[in-house]
Amino acid sequence: MEEMEEASNQNPSATVTNRNLNDLPEELLLHILTCLPILESVQTSLISQKWRPLWSRVPSLNFLFELFPPYEPPLDTRQFFAEFIDRVLILRSNSPIHTFRLSFIYHGHYRSHVDSWVRSAITRLRTRELYLDFFIHKDFHNEETHNHRYDFPFSVLRNGCVAILGLTRCDLTLPAKMSTLRFCSIGSMFLNEVYLTDQAMRDLISGCPNLEALDLENCLAHHHMKICSTKLKRLALRYFYDSELKETILVDCPNLCWISFNCCAFDKFVLKNAWSLVEFHVDILHKIDRSYRYWNKVVRLLGQAPNVKHLNVQNWWFKFLTSKDSFPKSFMIHNLNHLELRTGFTQYDLVGMAALLKLCPNLETMMLDYLFKIEEDETLSEEFSSKPVELSMPTLKQVTVTSYTGTEDEINFMKILSTQGVALEKIILVLGHVGAKSRLQMVLYRNASQSWKCYAPDLSLTTLNHIDSEIFKQGINWLFESCLVF
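Chemist: Please explain the environment of Arg101 as it appears in this structure.
Modeler: Its place among the elements puts Arg101 in strand β2 (residues 99-103). Measuring from C-alpha to C-alpha, the distance between Arg101 and Val118 comes to 10.0 Å, with 17 residues separating the pair along the chain. Not counting residues within four places of it along the chain, the set of residues in contact with Arg101 comprises Leu61, Asn62, Phe63, Leu64 and Tyr131.

As structure tokens, then:
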């Protein structure tokens, strides 16, 4: 015993000290509280004396109605939730916060409450990020709630330092002479289900001279939208559906470097001064009769963006490049070095892929994602259905297939890829369907002798025996066998 005590004295590190949460630094405790719903964060004040004031100094306040304990009837839940927020903001210290997030099912009865929360977050707590969501999910709504929309008082932002603003399902009240007020702190804005007239859109951009990122989703009340800005660098347009009003959109942003069109159904798309644009995303619902014409109009904008390096698009290219309103024969996407293509691997898909690759002589990497097709592809003519597919890939070094399931069409594509890819160095296959819980990777790489080798550390005979699909097993076995003879 004496020897143990002597050793302990000589080596203080040998002494074991019992530690608990109270021994952690306050900065770490605040970080832990930030990860909790605000109700649970407040409840930690009951743990000990040290914890009592901590909740009032967390850098983020997240008031999420969907996580609040429900009461009966549901109307009482909203009342208790509103009273809870009132109490928290009264007891909260005046130390600045980074994020204020509110989700709530709005009713006109709570207008004064919401106004008070918004003003407190902006002017007293000086939040840098403000997110207000008055939709949450359709299950929270009925006929009554659809008639109530919060009117966001935009002018209150002048008294704060909000840099990122997110608004869902509300109206905007913009101050008169918006352009002269200069809301200079706002650099990023997300608007979802917001009534936004053409004039309001122009006022919003002119009044936020430092706005660099704009994300518009399912906005209403526009007819001829114009987005013109010398500062804007990122623009996302999502879910602008068909209308009988022949709606148009014009984008004129000389410093824009990233743009995304997701389910946009404008009658006319205009893109000007797009020489800075390097990343271009298009995602239109894959329905040939209704959606192709909108996809066609968006993709043709590439003709106005000569410096695109990253393209994300779905495979309608055979239909597009064989139509009368395609690109001029001289058109090429010379600067494109990365392509993300949502596609299948039928003959129709491969003919379209081949047509696109001819436009991309300097492509280096390609990612092939799963494409959900609502309608069947059109029938190919005899000329294309029987003709061998030739993929032009003079500089392509790496291909990733994100949902390889070993179908006959996929195996046929792998044969074409491995034999025609003269510069190809690596093929990455993510095995299994999209959404699967566990998805393994297989990497095929070309060695010094130009033969293909397979690297799949997580894939074994045991793993294969647990795969239900016989087609999948055959596709995997084919890869193993083929790597020995390529």
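Chemist: What am I meant to see in the pairing of β2 here?
Modeler: For a regular strand, side-chain orientation follows a simple rule: the groups alternate between the two sheet faces. Across the 5 residues that make up β2, a large majority, 4, are buried. Bridge count for strand β1 (residues 60-64) against β2 is 5 bridges, and the pairing is parallel. Among the inter-strand pairings, Leu64 is bridged to a residue of β2, identified as Ser103. Bridge count for β2 against strand β3 (residues 129-133) is 5 bridges, and the pairing is parallel. Across the sheet, Phe100 pairs through a bridge with Leu130, a residue of β3. In terms of handedness, the path from β2 via helix α5 (residues 111-124) over to β3 forms a crossover that is right-handed.

Chemist: Looking at this model, I keep getting lost on the nonpolar core. Mind explaining?
Modeler: Counting residues in hydrophobic clusters, the biggest one holds 138 residues, and the most contacted among them are Phe63, Phe152, Phe154, Leu216, Ile227, Phe280 and Trp317. Broken down by element, the residue count for this core peaks at 7 residues, all from helix α10 (residues 347-357). Leave out the neighbours within four places in its chain, and Leu216 touches Leu191, Leu196, Met201, Met225, Ile227, Ala236, Leu237, Arg238 and Phe240.

Chemist: Where do I start with the pattern of salt bridges in this structure?
Modeler: If the charged atoms of two oppositely charged side chains come close together, the side chains can form a pair. Throughout the structure, instances matching the rule amount to 8 salt bridges. Here Arg111 ties to Asp115 by a salt bridge, and the two come within 2.8 Å at their closest N and O atoms. Taken together, the positions of Arg111 and Asp115, both in helix α5 and 4 residues apart, correspond to about one turn of that helix. Here Asp267 makes a salt bridge to Lys297, at a shortest N to O gap of 3.7 Å. Of this pair, Asp267 sits in the loop between β11 (258-264) and β12 (268-272) while Lys297 sits in helix α8 (residues 288-299), and the two are 30 residues apart along the sequence.

Chemist: Quick question: what am I supposed to make of the pairing of strand β19 (residues 441-446) here?
Modeler: Here strand β18 (residues 426-431) pairs with β19 via 5 bridges, running antiparallel. Of the residues in β19, the one forming a bridge with Val430 is Gln441. Here β19 hands over to strand β20 (residues 452-455) after 5 residues, with Gln450 in that stretch at a positive phi of 70°.

Chemist: Explanation requested: helix α2 (residues 26-34) in the structure shown.
Modeler: Because each turn of an α-helix spans 3.6 residues, side chains separated by three or four positions in sequence point in the same direction. Turning to α2, its buried residues number three or more, namely Leu29, Leu30 and Leu33. Projected down its long axis, α2 carries its buried residues within an arc of 100°, all on one side. In α2, the exposed residues that point more than 90 degrees away from the buried face are Glu27 and His31. Packed against the buried residues of α2 are α3 (38-43).

Chemist: Help me understand the packing of aromatic side chains, please; the structure alone is not making it clear to me.
Modeler: Working definition: an aromatic ring pair is given by the centre-to-centre distance plus the angle between the planes. Under the definition given, this model contains 30 aromatic pairs. Judged by centre distance (5.6 Å) and plane angle (50°), the ring pair of Phe63 and Phe100 falls under tilted. Note that Phe63 is positioned in strand β1 and Phe100 in strand β2, a separation of 37 residues in sequence. Exposure remark for Phe63: the relative accessible area of 0% places this residue in the buried category. Counting every residue linked through ring pairs, the aromatic cluster contains Phe63, Phe65, Phe68, Phe81, Phe84, Phe100, Phe104, Tyr110, Trp117 and Phe140. Positioned over the ring face of Tyr131 is Arg101, at 4.3 Å from the centre of the ring. Above the ring of Tyr292, the side-chain terminus of Lys319 is found at 4.9 Å from the ring centroid.

Conventions adopted
Residues numbered from 1 in each chain as written. Predicted model: local features only at pLDDT ≥ 70, side-chain atom pairs only at ≥ 80, totals over all residues. Heavy atoms only, no water. Helix = DSSP H or I, 4+ residues; strand = E, 2+ residues; numbered from the N terminus. Contact = heavy atoms within 4.5 Å. Buried < 20%, exposed > 50% of the residue type's maximum accessible area, 1.4 Å probe, protein only. Pairing = 2+ DSSP bridges. Right-handed = clockwise from strand over helix to strand, strands pointing away. Core = buried A, V, L, I, M, F, W, Y, C linked by side-chain atoms within 4.5 Å. Salt bridge = Lys/Arg side-chain N within 4 Å of Asp/Glu carboxyl O. Arc of directions from axis to C-beta. Phe/Tyr/Trp six-rings, centres within 6.5 Å; stacked < 30°, edge-to-face > 60°. Lys NZ or Arg CZ within 6 Å of the ring centre and 35° of its normal.

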